[in-house]
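What the coordinates show
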Amino acid sequence: MTTLIQPFLERWAHEHRSQLEEYRLMGRAFLRDRLAVASLVVILLFLFGAIFAPWLTPYPEQGRGEPKMEEQFQPPSWQHPLGTDELGRDVLARVLFGGRTSLSIGFLVVIIAVAVGTPLGALAGYFGGWLDEAIMRLTDIFLAFPSLLLAIAIAAALGPSFTNAMIAVALTWWPWYTRLVRAQTLSLRERSFVEAARGIGVGEGTVILRHILPNVMTPVLVQATMDIGSAILTGAAMSFIGLGVQPPTPDWGQMINLGRIYFISRPWLTTFPGLAIFLVSLSFNLLGDSIRDIADPRTRRAVR
Amino acid sequence: MTEPLVQARQLTKHYVLRGGLFSRRQVVRALHWVDLTVYPGETFGVVGESGCGKTTLGRCLLRLVEPTFGEVLFRGENLLQLDRETLRQRRRYFQMLFQNPYLSLDPRMNVLNLVGEPLVTHTDLRGRALAERVAALLERVGLSADHLYRYPHEFSGGQLQRIAIARALALNPLFVVLDEPTSALDVSVQAQILNLLKDLQAELGLTYLFISHDLSVVQHVSDRIAVMYLGRVVEVGTTEGIFYDARHPYTQALISSTPIPDPQARRSRVILQGSVPSPLNPPPGCSFHPRCAQALPLCATEEPRLVDVGDGHLVACHRAG
C-alpha cells in the first residue's frame, strides 16, 4: 500500500518543497512563541470541550437546559465543580454547552464578514472610480454607527435569536475587511506584477483571483483571528442584553445575564462563564498577534 | 523599405492632477505628440533623463495605460481602437519586460506558474506538457528545470530577470518593450542579461524597443535611437547618427555627458545650464529653448517639428535642416 502511493508523495513533496520549507520555518517560530502556543492550547481546549460536551459532563441534559430545582444554587463541590445555577443546572455543563453557541457565533460572524468584505474591498481597490466610491460610502455608513448600537438595532428589528444575533454582528463587521482589503489592493495594484499580468492578456477577474486575493490573504487571516475573540465578546454582549441566544439554549453572555442578580451571594454563576469569555477572546487576540509576526519573514526573526 | 512593425502617430498622454477644492486642475504632459516608427528585427533605443516620458511611451505603445490622443499601429492595426477582448488576444504578440524583476513577478507564484501564465492564458497547454514547455524556456534563458517549483524570493536579481524574460518570450511575441531591463541589476549581471537578450533576438527574430537612461547601454544594443526631452521626441537617427552626428543641441549635450573609459581622452563638453522645467508648465515654443545656448527668438514662440535632415535622421530644432 505504502509503496503504491510513495512515488506520488515524493513527487508532491518535490513540487512543494519551497512551501514545506516555509511552513517548517513558520512552525518553528510559532513554537518559540510561548504565549502563542499557550493561546492555541486554550482555544483548542475550549473547542474540544464544546464539541465533546455531551460526553465530558455527566449532566448533558442540564447543559442543554433541563432544570433540576432540588439542586438550586449549590456552591462548587466535587459533584458540581463549578456549582449549580438558579435552576439547579451544573454550571460546568452549561459552560461547555455554552461554548458551542459562543464559539459558533465567533467563527460564523468572522467567516461572513470576510466572505462579504474581502471581495468588495478587492473590487473597490482594483477598479477604483465610481465603484470604489459607492462601496466605500456604503462602508462609511455602516461604520458611522457605534458597532454594538447598530448590532442591537438590527437584532431588535429582526427579533432576538441565535441566527439574527449572528447576522447583526456580521453586518457591523464586514466594512473593516473591505477597508483592509481595499488598502492592500491599492498598494498591490501599483506593484508591477499586476500590470505585467494585464500586459500578458490575463483578464481583469483572473488578475483579482490569481494575483490580488492570494496576496491579501495574510493580513486578512491575521485580522480574522483577532476578530474571532472580539466577535465572541460582542455575541456575548448581545446575549447579555437579551437580544441573542434565548434560553434554554446556553450561551456565556446569557449565563452572565441570568446570574448577575446573584452576583454577590453566588459569584460562581457569573465568574465561570465570564472567565471563559475572557480566556477565549484574549487567546484569539494573542494568537492573531503571533500569526502576524510569523507570517512576515522580516518580523519572524524577531520572535525569540 | 520594409513594412513598419509598430508606428506611433501623435501619441499623447496627459495626466490630470486633480487639485484641492481651491486649486485649479493641472495637466502633466507626460507624452506629447510623439511620432515613431519601429521596423521588424531592429532594436529601437529610447533615451532621455528621468521623467522625460520614456516609460510612459512604452506603456502607451502596449496600451498598458490609455493614451489621451493619437494612434498606435501594430502591423497596420490601430491598437487604441480595439475592444477589450480583441486587445487581450493581441497581447500575445507584444510583451513588456519590466525594470525591476523583484516587483514584476508575483511573490506567491512558483516559477512554473509564473512562466506558464502566458501559456495558460493564450494556449491549451496544461499539466505535463506545460511543465515541459516551461522547462525548455528556462533552459533557453540559462536556468534549469530544477527551478520549476521555486519561488521568487529564492532567486537573485539576475535570475529573476531571466525568469521574467522566459515569461515575456513564452508566446514567441513579435515585439518586446524592454523598460530599463538592466538598471535594477548589478553591473556584472547587466552584461549577461544584455547578451542573453541579443542572442534571443537573433534566434527568434524579435523586435525590441529598448528604453534606458544609460547611454552606453543604448549605444551597445540599438540600431536606431530616439532621444526624448520633456515628453517629446527631439531627435531620431541611427546609433552612429546620434552618437557621432547629433544635430539637436540637447542630444549633443547628452552625448557629451557620457564618460569615455579612457583617462587620456579629452573632448569638448556641453554643460547645460539650469534644470529640466516641470512638465506641469513646459515653456512655450521649443521646450528646450530656456537651456539652449543656440536658441533663436523663434524658438520661444514656435514649437519645432521633426524634420528629415537626410537618411531618415529626424530632428526637431529650428536650427537644423
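Our structure's up above, just so we're on the same page.
Below is a summary of the structure that appears in this document. (Residues numbered from 1 in each chain as written. Chains lettered and ligands numbered in written order. Predicted model: local features only at pLDDT ≥ 70, side-chain atom pairs only at ≥ 80, totals over all residues. Heavy atoms only, no water.)

**A look at the overall build of chain B**
Across its full length, chain B carries ten helices and twelve strands. In summary, chain B has a C-alpha radius of gyration of 21 Å against a globular reference of 20 Å for 321 residues, a match within 12%. A buried classification covers 52% of the 321 residues belonging to chain B. Nonlocal contacts in chain B, meaning residues at least 24 apart in sequence, comprise 63% of its contacts between residues at least 6 apart. (Helix = DSSP H or I, 4+ residues; strand = E, 2+ residues; numbered from the N terminus. Rg over C-alpha atoms; globule rule 2.2 N^0.38 Å. Buried < 20%, exposed > 50% of the residue type's maximum accessible area, 1.4 Å probe, protein only. Contact = heavy atoms within 4.5 Å.)

**Looking at the pairing of strand S7 (residues 175-179) of chain B**
Both faces of the sheet carry side chains from a regular strand, because those side chains alternate between them. Residues and elements named next belong to chain B. Of all five residues in S7, five are buried, a share of seventy percent or more. Where burial is concerned, the two faces of S7 agree: the one with Phe175, Val177 and Asp179 and the one with Val176 and Leu178 are both buried. In terms of strand pairing, strand S6 (residues 94-97) meets S7 through four bridges, oriented parallel. When the sheet's bridge partners are listed, Met96 is paired in S7 with Val177. Pairing analysis gives five bridges linking S7 to strand S8 (residues 207-212), with the strands arranged parallel. Counted as the bridge partner of Leu178 is Phe210 from S8. For the handedness criterion, the β-α-β arrangement of S7, helix H7 (residues 187-204) and S8 is classed as right-handed. (Pairing = 2+ DSSP bridges. Right-handed = clockwise from strand over helix to strand, strands pointing away.)

**Overview of the interface of chain A and chain B**
The partner chain B presents 29 residues to the 25 residues of chain A that form the contact. In total, about 2400 Å² of surface goes out of reach between chain A and chain B, with carbon and sulfur atoms giving 46% of it. Of all residues in chain A, Ser18, Glu195 and Ile200 of chain A give up the largest surface area on contact with chain B, accounting jointly for 25% of the area buried on that side. The tally of links from chain A across to chain B stands at three salt bridges. The residue Arg59 of chain B makes a salt bridge to Glu195 of chain A at a minimum N-O spacing of 2.8 Å. At the boundary of chain A with chain B, the tally comes to 19 residue pairs in polar contact (both at pLDDT 80 or more). (Buried area = accessible area lost by both parts, 1.4 Å probe. Salt bridge = Lys/Arg side-chain N within 4 Å of Asp/Glu carboxyl O. Polar contact = N/O pair within 3.5 Å; in protein donor to acceptor, adjacent residues only side chain to side chain.)

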